[in-house]
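Fold and contact review
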Amino acid sequence: MAYRYRSPLTYADVTPKHIYMNRRQLMAGSSALLGAGLIGGRARAQEALEPNSFEDITNYNNFYEFGTGKTDPAANASSLTTDPWSIEVDGLVDNPGTYTMAEIMEGMTIEERIYRLRCVEAWSMVVPWNGFELADLLTRVGVQDGAQYVAFETLVRPEEMPGQRRNILDWPYREGLRLDEAMHPLTLMATGLYGEALPNQNGAPLRLVVPWKYGFKSIKSIVRISLVAEQPEATWNMQNPREYGFYSNVNPNVDHPRWSQATERRVGGGLFSGRDETLMFNGYEDEVAALYDGMDLSVYY
Ligand SMILES: Nc1nc2c(c(=O)[nH]1)N[C@H]1C(S)=C(S)[C@@H](COP(=O)(O)O)O[C@H]1N2
Ligand SMILES: [Mo]
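Residues numbered from 1 in each chain as written. Chains lettered and ligands numbered in written order. Predicted model: local features only at pLDDT ≥ 70, side-chain atom pairs only at ≥ 80, totals over all residues. Heavy atoms only, no water.

Quick word on the pairing of strand E3 (residues 111-118)
By the criterion of burial, E3 is predominantly enclosed, with seven of the eight residues buried. Looking at chain direction, E3 and strand E4 (residues 123-133) are connected through eight bridges and run antiparallel. Considered in E4, the bridge of Glu112 is made with Asn130. In this structure, the hairpin formed by E3 and E4 is closed by a connection of four residues, where Ala122 is found at a positive phi of approximately 75 degrees. (Buried < 20%, exposed > 50% of the residue type's maximum accessible area, 1.4 Å probe, protein only. Helix = DSSP H or I, 4+ residues; strand = E, 2+ residues; numbered from the N terminus. Pairing = 2+ DSSP bridges.)

Set out below in structure tokens:
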């Protein structure tokens with residue numbers, strides 16, 4: 001899959017050297033694994049991605065707990081206390097409980113994943129995330145028979161989250177994935193970006209990243225993860241089910257009722273950069289299309 005966007009910066013220009021070197025080693029390692037299916041596909045998809053600047057990634061955000069404007073999260077999120085932090089894991093799991101961040105992180109392999117982020121508002125970015133696979137966490141807590149979905153909730157703390165002092169959304173922000181989507185190796189729990197701890201406006205200390213879905217599925221500042229049997233509530237789907245479905249897979253062929261989803265504007269691309277064609281499943285079609293075999297994606301949008 002070719003990416004039409006070309007930045008004048010190379011990856012090395014915008015990435016701390018040690019990460020760049022790690023990535024080159026990683027790429028060298030993974031090209032040996034070409035043909036191993038998914039790993040090869042991911043390496044190829046990542047090769048063409050040039051990350052947005054740290055500046056862009058941390059100053060153009062959606063995080064309604066801190067306001068509805070794109071610059072509100074950067075302006076207001078420093079008030080959030082992210083240490084100590086704990087995450088409740090409950091529902092159909094062998095090891096339910098309240099885990100500290102340190103306990104969640106223990107033994108997890110933190111890697112860098114450069115993913116496209118495509119917002120439902122038709123802008124996009126490329127972000128070098130650091131994090132671990134959600135599958136590793138789910139395996140550790142022990143998913144029980146009968147669990148079909150994973151539900152997530154964001155912190156509710158209006159004293160530190162000014163957006164929560166108003167009824168902009170029905171707090172807490174909630175999201176959900178089908179269990180097979182959650183177990184997919186592309187699904188990441190992000191703990192950092194550009195090799196640094198996750199800035200508050202990007203969802204510190206722990207947020208979900210699901211690169212083939214619209215950005216709103218990637219819930220920030222998570223405090224609860226529940227394994228459940230039924231499809232859970234998801235904030236934007238509850239708010240406006242006609243405009244936002246539960247699946248929310250990036251799909252250039254299924255328009256949002258109020259605008260086309262066929263093209264996107266790359267954040268930081270400059271005034272004359274034009275628009276890029278949006279790719280099916282945000283460019284991750286080879287890796288994830290099989291999850292939706294036989295489903296009508298204009299019904300399950
Ligand atoms: N808790 C919470 N998570 C959230 C949001 C939000 O308002 N609250 N916004 C979502 C939307 S619409 C997008 S596009 C992405 C943006 O992630 P970023 O700021 O890291 O680019 O976060 C998602 N996660
Ligand atoms: Mo979004």
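Side note on helix H7 (residues 134-141)
Taken residue by residue, H7 has Leu134, Ala135, Leu137, Leu138 and Val141 as its buried positions. Down the axis of H7, the buried set is contained in an arc of 160 degrees. They therefore lie on one face. Directly beyond the C-terminal end of H7, a positive phi value near 80 degrees is found at Gly142. (Arc of directions from axis to C-beta.)

A closer look at the pattern of salt bridges
Enumeration according to the criterion identifies 14 salt bridges in this entry. The partner of Glu264 in a salt bridge is Arg116, and the shortest N-O contact between them spans 2.6 Å. Residue Glu264 is found in strand E11 (residues 263-266), and its partner Arg116 is found in strand E3; the two are separated by 148 residues along the sequence. The class of Glu264 is buried, set by a relative accessible area of 1%. We classify Arg116 as buried; its relative accessible area is 10%. Asp180 serves as the salt-bridge partner of Arg178, at 2.8 Å between the closest nitrogen and oxygen. Residue classification places Arg178 among the buried residues on the basis of a relative accessible area of 13%. Each of the salt bridges in this network shares a partner with another, and the network as a whole consists of Asp90, Glu153 and Arg224. (Salt bridge = Lys/Arg side-chain N within 4 Å of Asp/Glu carboxyl O.)

Some thoughts on the site of ligand 1
In the region of ligand 1, 17 residues are neighbours, and Asn61, Tyr64, Glu65, Arg207 and Lys220 sit closest. A distance of 2.7 Å is found between an oxygen atom of ligand 1 and a side-chain nitrogen or oxygen belonging to Asn61. One nitrogen or oxygen atom from the main chain of Asn62 is found 3.3 Å from a nitrogen atom belonging to ligand 1. With the chains in place, 98% of the 540 Å² that ligand 1 exposes on its own is no longer accessible. (Near = heavy atom within 4 Å. Polar contact = N/O pair within 3.5 Å; in protein donor to acceptor, adjacent residues only side chain to side chain. Areas by Shrake-Rupley, 256 points an atom, 1.4 Å probe, with all protein chains shown as cover.)

Section: the nonpolar core
In this structure, Trp129, Leu134, Phe152, Leu208 and Trp212 are the most contacted members of the largest nonpolar core, which totals 76 residues. If one sorts the elements of this core by residue count, E4 sits on top with six residues. When sequence neighbours within four positions are dropped, the list of residues in contact with Trp212 reads Glu181, His184, Leu186, Thr187, Asn249, Val250, Phe281, Asn282, Tyr284, Val288, Leu291 and Tyr292. (Core = buried A, V, L, I, M, F, W, Y, C linked by side-chain atoms within 4.5 Å. Contact = heavy atoms within 4.5 Å.)

Notes on the sheet that holds strand E10 (residues 222-228)
Spatial strand order, E2-E1-E10-E5-E6: five strands in an open sheet with mixed pairing. Pairing within the sheet leaves two strands with one partner each, and these edge strands are strand E2 (97-100) and strand E6 (174-178). On average, each strand axis in the sheet is tilted by 20 degrees relative to the strand beside it, whichever way the strands run. Relative to E2, strand E1 (residues 86-91) runs antiparallel, the two being bridged by four bridges. (Axes fitted to C-alpha atoms, helices over the stretch in contact; angles between N-to-C directions.)

Quick look at the packing of aromatic side chains
Inspection of the entire model under this criterion finds twelve aromatic pairs. For the pair Tyr149 and Phe246, a centre-to-centre distance of 5.9 Å together with 80 degrees between the ring planes defines the contact as edge-to-face. Taken as a pair, Tyr149 in strand E5 (residues 149-154) and Phe246 in the loop between helix H9 (235-239) and E11 lie far apart in primary sequence, 97 residues in all. Accessibility assignment for this pair places Tyr149 and Phe246 in one class, buried. Each ring, one from Trp236 and one from Tyr244, has its centre 5.4 Å from the other, and the planes form 65 degrees; the classification is edge-to-face. Comparing Trp236 with Tyr244 shows no difference in burial state: the two are buried. By way of ring pairs, the aromatic residues Tyr149, Phe246, Tyr247, Phe281, Tyr292 and Tyr300 are connected into one cluster. Over the aromatic face of Phe246 sits the side chain of Lys217, whose NZ or CZ is 4.2 Å from the ring centroid. (Phe/Tyr/Trp six-rings, centres within 6.5 Å; stacked < 30°, edge-to-face > 60°. Lys NZ or Arg CZ within 6 Å of the ring centre and 35° of its normal.)

What about the pairing of E4?
Of all eleven residues making up E4, eleven are buried, and the element is well covered by its neighbours. Here E4 runs beside E11; their pairing, made up of two bridges, is parallel. Among the inter-strand pairings, Ser124 is bridged to a residue of E11, identified as Arg266. In this structure, E4 lies alongside strand E7 (residues 188-193), joined through five bridges in antiparallel fashion. Paired with Phe132 across the bridge in E7 is Met189.

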